[in-house]
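# Breakdown of the fold
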Amino acid sequence: MHVMLMYVISHLGLIFFMYPGNVISSTEQGHWLPVLLGVVIHFIFINIYMKGLSYFPKKDIIRIYAGIGKGTAILFIAPVFLYFSMILLITLRAYAEIITIVFLSKTPLWAIMLLLISISTYIAAKGVETIFRTGLLLSLLFLPIIIFIFFTSFQNVDWRYVVPLDADLGFIIKRTYLESFFAFSGGFLFLGFVQPYFSYDRKYILWAAAFLIPFFLFSVYIPVLTFGQATSATTFLPYVVAVDAININWLMFDRVTMFFLLSLISFIMLYLALVSWKAIRILSHYLPSIKPVKLLLALAAAVYIACFFIPDWKDVEKLFWWNTFLRFYILIAIPFSLFFFGRCMKRKGIDESI
């Protein structure tokens, strides 16, 4: 249950902000095809990833690659650590900017980033058990709110905007669509780090992935059905704008957007804590003489300071684009390598037994 919930809330924190805008910008009609293609790719690689991990029970990917050889560890673990560092930097800076734009316009950016990194670092310092227990608590508190707001966001839709359904594959080579895979690739790598601590059944992870499909689809279609393609393509955060248009007469609060955003930001802080913990697991393996807490504080400080060298949103978008190449390397290389090495070890074991 803990692994499933962490999988769900990690992806929910990534879906509703930049993903809809990226997909809407990538094509003018038939948005179902980019979403469907991303979901299919996600299912393919998560299946390969979990199948590869199943060949190495009770081992995380750090020990798996380290056991194969130093060269293999450098080829795969070093990019993973770089990817985690980039995720921390981009997520912290991007979501601090989003918070400033949406509802804390007078709060300095440095204060928001300090709050996000401090809370996530504190949770990460307590270990993976605390992260997952916090995930369970946040799920109980905020998942009902998000699901409620998700369904009420259909309030203003005009189903005539769903046509035309025709689509072509021109979106595949567009930058915005490639950047949208941030929502797919960011949330499943933790499955290769928790095996020594938590066990999970692959089919339940696939059920959790299937549970997310409507959120991927309608996070794109609700803005389109509410405002139309032309208008939604010009908005900064299409789904947030669509939620802001919700009017519920019997609710005592004027804007449900605040509850929606605060729920998602809590998921993002937990996601930052999980990524920080994974990065420190890698550093601790290769720097065992330094206490993990010191490594964590150093990493958090480095990420926080690096955020000040990103002056505005255009530079954040550049980092998103530069990180896309590393993201696809991680998305493809890690699952296939684990599957390949696992099959080789299994075949070798069969040959030796014969």
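Residues numbered from 1 in each chain as written. Predicted model: local features only at pLDDT ≥ 70, side-chain atom pairs only at ≥ 80, totals over all residues. Heavy atoms only, no water.

The protein chain appears in an unreviewed UniProt entry as Spore germination protein from Cytobacillus firmus. The protein chain has a UniProt comment under Sequence similarities (unreviewed entry) that states "Belongs to the amino acid-polyamine-organocation (APC) superfamily. Spore germination protein (SGP) (TC 2.A.3.9) family." According to the UniProt record, the Subcellular location (unreviewed entry) comment for the protein chain reads "Membrane". (UniProt positions renumbered as here; feature names shortened; annotations may be inferred.)

## As for helix H13 (residues 257–286)
Between its first and last C-alpha, H13 extends 44 Å over 30 residues, near the 44 Å set by a 1.5 Å rise per residue. By the criterion of burial, H13 is predominantly enclosed, with 23 of the 30 residues buried. (Helix = DSSP H or I, 4+ residues; strand = E, 2+ residues; numbered from the N terminus. Expected span 1.5 Å × (residues − 1). Buried < 20%, exposed > 50% of the residue type's maximum accessible area, 1.4 Å probe, protein only.)

## Structural notes on the nonpolar core
Counting residues in hydrophobic clusters, the biggest one holds 128 residues, and the most contacted among them are Phe 16, Phe 132 and Leu 191. Element by element, the count of residues in this core is highest for H13, at 18 residues. The residues contacting Phe 16, other than those within four sequence positions of it, are Ile 146, Phe 150, Phe 215, Ser 219, Tyr 239, Val 240, Phe 260 and Leu 264. (Core = buried A, V, L, I, M, F, W, Y, C linked by side-chain atoms within 4.5 Å. Contact = heavy atoms within 4.5 Å.)

## Considerations on the side chain of Thr 324
Mapped onto the fold, Thr 324 is located in helix H15 (residues 313–353). According to the relative accessible area criterion, Thr 324 is buried, its value standing at 2%. Among residues more than four places away in sequence, those in contact with Thr 324 are Leu 178 and Glu 179.

## Describing the pattern of salt bridges
Tallied over the full model, the rule gives 5 salt bridges. Residues Asp 60 and Arg 281 are paired through a salt bridge, measuring 2.2 Å at the closest nitrogen-oxygen approach. Of this pair, Asp 60 sits in the loop between helix H3 (32–54) and helix H4 (61–68) while Arg 281 sits in helix H13; the two residues are 221 residues apart in sequence, bridging distant segments of the chain. Salt bridges here are not isolated pairs; linked through shared partners, they connect Asp 60, Arg 63 and Arg 281. (Salt bridge = Lys/Arg side-chain N within 4 Å of Asp/Glu carboxyl O.)

## Looking at the packing of aromatic side chains
Applying the stated criterion across every chain, the model contains 34 aromatic pairs. Taking 6.1 Å as the distance between ring centres and 85° as the angle between the ring planes, the aromatic pair formed by Phe 16 and Phe 215 counts as edge-to-face. Note that Phe 16 is positioned in the loop between helix H1 (2–15) and helix H2 (18–26) and Phe 215 in helix H10 (residues 202–227), a separation of 199 residues in sequence. Side by side, Phe 16 and Phe 215 carry an identical accessibility label, which is buried. Relative to Trp 159, the ring of Phe 154 lies with its centre 6.3 Å away and its plane at 20°, an arrangement referred to as stacked. Counting every residue linked through ring pairs, the aromatic cluster contains Phe 16, Phe 150, Phe 151, Phe 154, Trp 159, Phe 211, Phe 215, Phe 218, Tyr 239 and Phe 260. (Phe/Tyr/Trp six-rings, centres within 6.5 Å; stacked < 30°, edge-to-face > 60°.)

## Some words on a nonpolar patch on the surface
A surface patch of nonpolar side chains, amounting to about 520 Å² of accessible area, comprises Trp 32, Leu 36, Val 40, Ile 44, Val 163 and Leu 165. Inspection of the secondary structure assignment puts Val 40 in helix H3. (Patch = residues over 30% accessible without salt bridge, like charges linked within 9 Å, V, L, I, M, F, W, Y side chains within 5 Å. Areas by Shrake-Rupley, 256 points an atom, 1.4 Å probe, with all protein chains shown as cover.)

## What about the environment of Val 8?
Within the secondary structure, Val 8 is located in helix H1. Along the chain, Val 8 and Ile 46 lie 38 residues apart, while their C-alpha atoms are 14 Å from each other. Not counting residues up to four positions away in its chain, the partners in contact with Val 8 are Ala 208, Phe 211 and Leu 212.

## Thoughts on the environment of Ala 111
Looking at where Ala 111 falls in the secondary structure, it is placed in helix H6 (residues 109–125). When the C-alpha atoms of Ala 111 and Arg 343 are compared, they prove to be 49 Å apart, with 232 residues separating the residues in sequence.

## Let's talk about the packing of H1 against H13
The interhelical angle for the contact between H1 and H13, taken along N-to-C directions, is 115°, at an axis separation of 8 Å. In this structure, H1 crosses over H13, and the sense of that crossing is left-handed. Counting all contacts with H1, which are made through Met 6, Ile 9, Ser 10, Leu 12, Gly 13 and Leu 14, the residues of H13 involved are Leu 264, Phe 267, Ile 268, Leu 270, Tyr 271 and Leu 274. (Axes fitted to C-alpha atoms, helices over the stretch in contact; angles between N-to-C directions. Left-handed = near helix turned anticlockwise from the far one by under 90°.)

## Here we look at the side chain of Ser 120
Of note, Ser 120 is situated in helix H6. Of the residues examined, Ser 120 reaches a relative accessible area of 0% and is grouped as buried. Once residues within four sequence positions are removed from consideration, Ser 120 is found in contact with Met 269, Leu 272 and Ala 273.

## Focus: the packing of H1 against H10
Closest axis-to-axis distance for the H1/H10 pair is 9 Å, and the angle between their directions is 20°. Classed by the angle they form, the pair H1 and H10 counts as roughly parallel. Viewed along their axes, H1 and H10 form a crossing whose handedness is right-handed. Contacts between H1 and H10 involve Val 3, Met 4, Tyr 7, Val 8, His 11, Leu 12 and Ile 15 on the former and, on the latter, Tyr 204, Ile 205, Ala 208, Ala 209, Phe 211, Leu 212, Phe 215, Phe 216 and Ser 219. Within the contact of H1 with H10, the residues separate by chemical class into 14 nonpolar, 2 polar and no charged. (Parallel < 35°, antiparallel > 145°, perpendicular 65-115°, else oblique. Nonpolar A, V, L, I, M, F, W, Y, C, P; charged D, E, K, R; others polar.)

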